[in-house]
Amino acid sequence: MSPIFFYAQRYIQLFSLAFFMLLSFAALLFGLIFLVISADHFVDGAAVCAKKIGISPLIIGMVIVGFGTSAPELLVSLLAALQENPGIALGNAYGSNITNIGLILGLTAILAPISVNSSVFKREFSLLILATLIAILQLLDGSLSRVDGIVLLVLFAVIMIYSVWRSRKENAGSFNSQLEQELNTKQISTAKATFKLATGLLVLIGSSRILVWGAVNIASQLGVSDELIGLTIVAFGTSLPELASSLTALKKGEHDIALGNVIGSNLFNTLAVVGIAGSISQLTLNPNLLVRDISTMSLMTILLLFLLRPRKTGSIIPRQGGILLLSIYILYNSYLLLSFF
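First, a word on what this report is: a plain description of the structure on this page. Because the structure is a prediction, the values reported are computed rather than measured.

### Overview of the overall build of the protein
Check the secondary structure of the protein and you find twelve helices and five strands. Split into buried and exposed, the 341 residues of the protein put 50% on the buried side. Sequence separation of 24 or more characterises 86% of the internal contacts of the protein that already satisfy a separation of 6 or more. Total accessible area computed for the protein in this model is approximately 16000 Å², and 69% of it derives from carbon and sulfur atoms.

What follows is the structure, given as structure tokens:
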């Protein structure tokens, strides 16, 4: 083999590798962007369609909007489970929970202390802690079986039915009125709403596939676990809808919704996202996921409960609490990067 041919072959290999990595990063980036955009279109279309066929704003808010903001986590974990990538499937769900509390709620509290006046969050916090404990018990054997996944889905269904019944009984509070007003301002035709619903769902599925493909390729080429990608980049990207929703709610002074958005999303991730992924195929765990990541998620959930400082008109998460949550999130991700590299 002549030297010229050898070096030409090497350059071609290096160029192919660089192009493949660039393509993988582009897939990850554009997958995240279109995931967030399509989730927003899906929620808008679904909410308007549901309103036009007579579904109450309460059900729309709790089921359709709640599902829509967590649709990125659901579809990414679903496709990762189908492709037998448990690191992304579980890392995305639990990493999103850590991101929701540490980054989103921490940043929100730093911008403005979060006051909570509704007693409903006492119940929701209890349910979230219960779901977290069940998740820990299921994962102690080092895997998530199909039976475990089905148990999580059944528990999620029971909680949803109970929450809808309870909220109907309590007349849904200000959230119901606000959502009713917001839906009435969306003056779009049924055909346009259906189009947004269909295209949003299709782009959600397509962008999820692209994102998972890019994430797996990057992990493979860099020689790191796909779990790292799931816990960091993918978890951050799929949590962007929750970040936007919480900041918007805070801007409008709806602190209950900002906190409820995070609690509801974490509950959805722990039960529905992990449950659907586990019911598709048995997921084998990296031991670090339980010792390091789920432990961090559990501690941050309990810490959040203690940070809700009581006062006469309710509870408040002070700026110092937001700084603490954000600091834990930064330290956790720094440790992740150092341990994997």
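### Side note on the pattern of salt bridges
Side chains that differ in charge, positive against negative, can pair when their charged atoms come close. Taken as a whole and assessed by the stated rule, the structure comprises one salt bridge. The partner of D293 in a salt bridge is R292, and the shortest N-O contact between them spans 2.7 Å. Given a relative accessible area of 12%, R292 falls into the buried group.

### Structural notes on the nonpolar core
In terms of nonpolar packing, the biggest core is built from 72 residues, with L90, Y94, L271, L304 and I317 touching the most fellow members. Ranked by residue count, the leading element in this core is helix α3 (residues 86–111), at eleven residues.

### With respect to helix α11 (residues 287–307)
The first and last C-alpha atoms of α11 sit 29 Å apart over 21 residues, in line with the 30 Å expected at 1.5 Å per residue. Along α11, the sharpest kink reaches roughly 30°, centred on I294. Considered for burial, the residues of α11 that qualify are L289, L290, R292, D293, I294, T296, M297, S298, M300, T301, L304 and L307.

### Comments concerning the environment of R123
Looking at the element boundaries, R123 is found in helix α4 (residues 120–139). A sequence separation of 40 residues divides R123 from S163, and the C-alpha atoms of the two residues are 9.6 Å apart.

### Some thoughts on helix α7 (residues 190–222)
The terminal C-alpha atoms of α7 lie 47 Å apart, and with 33 residues this matches the ideal 48 Å at 1.5 Å per residue to within 8%. Just downstream of α7, G223 is the residue with a positive phi angle, here 75°.

### Structural notes on the packing of α3 against α11
Between α3 and α11, the shortest axis-to-axis distance is 10 Å and the interhelical angle comes to 35°. Once α3 is placed against α11, the crossing between them reads as left-handed. Residue-level contacts link L90, Y94, N97, I98, I101, G102 and L105 of α3 to L289, D293, I294, T296, M297, M300, T301 and L304 of α11. The residue makeup of the contact of α3 with α11, split by class, is ten nonpolar, four polar and one charged.

### A few points about the packing of aromatic side chains
Across all of its chains, the model carries one aromatic pair by this definition. On the numbers, 5.3 Å between centres and 90° between planes, the contact of F156 with F268 is edge-to-face. Of this pair, F156 sits in helix α5 (residues 146–169) while F268 sits in helix α10 (residues 255–280), and the two are 112 residues apart along the sequence. Exposure class is identical for F156 and F268. Each is buried.

### Remarks on a nonpolar patch on the surface
Taken together, L29, F30, I33, F34, I37 and V203 make up a surface patch of nonpolar side chains, about 520 Å² in accessible area. Positionally, I33 belongs in helix α1 (residues 3–52).

### Some thoughts on the side chain of N100
Of note, N100 is situated in helix α3. Residue classification places N100 among the buried positions, given a relative accessible area of 0%. Residue contacts for N100: discarding those within four places in its chain leaves L105, S239, E242, V262, S265, N266 and N269.

### Overview of the environment of I134
Relative to the elements of secondary structure, I134 occurs in helix α4. When its relative accessible area of 22% is taken as the criterion, I134 is described as partly exposed. For the pair I134 and L271, spaced 137 residues apart in sequence, the C-alpha separation works out to 9.4 Å. Those residues within four positions of I134 in sequence are excluded, and the remaining contacts are L152 and L155.

### Considerations on the packing of α7 against helix α8 (residues 226–238)
At a closest axis distance of 9 Å, the pairing of α7 and α8 adopts a crossing angle of 125°. When the interaxial angle is binned, α7 and α8 end up oblique. For the crossing formed where α7 meets α8, the hand is right-handed. Seen from α7, the contacting residues are L211, A215, I218 and A219; seen from α8, they are D226, I229 and V234. A breakdown of the residues in the contact of α7 with α8 according to their chemical character gives six nonpolar, no polar and one charged.

### Re the side chain of T132
Checked against the element boundaries, T132 lands in helix α4. Apart from the residues lying within four places of it in its own chain, the contact partners of T132 are T270, M297 and S298.

Criteria and thresholds
- Residues numbered from 1 in each chain as written.
- Predicted model: local features only at pLDDT ≥ 70, side-chain atom pairs only at ≥ 80, totals over all residues.
- Heavy atoms only, no water.
- Helix = DSSP H or I, 4+ residues; strand = E, 2+ residues; numbered from the N terminus.
- Buried < 20%, exposed > 50% of the residue type's maximum accessible area, 1.4 Å probe, protein only.
- Contact = heavy atoms within 4.5 Å.
- Areas by Shrake-Rupley, 256 points an atom, 1.4 Å probe, with all protein chains shown as cover.
- Salt bridge = Lys/Arg side-chain N within 4 Å of Asp/Glu carboxyl O.
- Core = buried A, V, L, I, M, F, W, Y, C linked by side-chain atoms within 4.5 Å.
- Expected span 1.5 Å × (residues − 1).
- Bend = angle between axes of the 7 residues up to and from the residue.
- Axes fitted to C-alpha atoms, helices over the stretch in contact; angles between N-to-C directions.
- Left-handed = near helix turned anticlockwise from the far one by under 90°.
- Nonpolar A, V, L, I, M, F, W, Y, C, P; charged D, E, K, R; others polar.
- Phe/Tyr/Trp six-rings, centres within 6.5 Å; stacked < 30°, edge-to-face > 60°.
- Patch = residues over 30% accessible without salt bridge, like charges linked within 9 Å, V, L, I, M, F, W, Y side chains within 5 Å.
- Parallel < 35°, antiparallel > 145°, perpendicular 65-115°, else oblique.

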